[in-house]
Amino acid sequence: AQLNGKRLFIKHCGQCHVTLSPDIRAENSLRGVFDRMPQTENYFINFILNSDSVKKSGDGYSNKINDEYNVDYEHKFKNILSTKDIKDIAEYIKL
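Criteria and thresholds
Residues numbered from 1 in each chain as written. Predicted model: local features only at pLDDT ≥ 70, side-chain atom pairs only at ≥ 80, totals over all residues. Heavy atoms only, no water. Axes fitted to C-alpha atoms, helices over the stretch in contact; angles between N-to-C directions. Helix = DSSP H or I, 4+ residues; strand = E, 2+ residues; numbered from the N terminus. Parallel < 35°, antiparallel > 145°, perpendicular 65-115°, else oblique. Contact = heavy atoms within 4.5 Å. Nonpolar A, V, L, I, M, F, W, Y, C, P; charged D, E, K, R; others polar. Buried < 20%, exposed > 50% of the residue type's maximum accessible area, 1.4 Å probe, protein only. Salt bridge = Lys/Arg side-chain N within 4 Å of Asp/Glu carboxyl O. Arc of directions from axis to C-beta. Polar contact = N/O pair within 3.5 Å; in protein donor to acceptor, adjacent residues only side chain to side chain.

Before going further, it helps to spend a moment on the packing of helix H3 (residues 41-49) against helix H6 (residues 83-93). Each packed pair of helices is defined by two parameters, the angle between the axes and the distance between the axes. Where H3 contacts H6, the two axes come as close as 10 Å, and the packing angle between them is 110°. Between H3 and H6, the crossing angle belongs to the class labelled roughly perpendicular. Residue-level contacts link Glu-41, Phe-44, Ile-45, Ile-48 and Leu-49 of H3 to Thr-83, Ile-86, Lys-87, Ala-90 and Ile-93 of H6. Of the residues that constitute the contact of H3 with H6, the class distribution is seven nonpolar, one polar and two charged.

Mapped onto the elements of the fold, Lys-78 is located in the loop between helix H5 (60-69) and H6. Residue Lys-78 is classed as exposed on the basis of its relative accessible area of 61%. C-alpha separation for the pair Lys-78 and Phe-47, spaced 31 residues apart in sequence, amounts to 10.0 Å.

So, on to the pattern of salt bridges. On inspection of all chains with the given rule, the structure shows five salt bridges. Between Lys-76 and Glu-74 there is a salt bridge; the shortest N-O distance is 3.2 Å. Classification of Lys-76 by relative accessible area gives partly exposed; the value is 47%. Overall, the relative accessible area of 42% leaves Glu-74 in the partly exposed class.

Here we take up the environment of Leu-30. Here Leu-30 lies in the loop between helix H1 (2-13) and helix H2 (33-36). Given the relative accessible area of 13%, Leu-30 is considered buried. For the pair formed by Leu-30 and Ile-93, sequence separation is 63 residues and the distance between their alpha carbons is 7.2 Å.

This part is about H5. Within H5 the residues assigned to the buried category are Tyr-61, Ser-62, Ile-65 and Asn-66. Looking straight down H5, one finds its buried side chains confined to an arc of 150°; they lie on one side. Of the residues flanking the start of H5, the one acting as N-cap is Asp-59, its side-chain oxygen 3.4 Å from the backbone nitrogen of Tyr-61.

Written out as structure tokens, the structure reads:
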């Protein structure tokens, strides 16, 4: 799962979730994300599948990210990543 997660992270997440330091893995820019976001696996899955619908629902966490980083980000992987793929990415990020 972790090797698949790494491959998927590099392919689908690495362009935006980067770090400026060559000594730090890009996914470390997400360190602690599971401590900050609402504590359900389904939340993370829904957030990755279509963050726009999560934001439009009035979700406080996703809208806080927009405000905090002054960026209108979108995760729209509904027809690209499976639930298993997203779980594999989550396992990889947690390393």
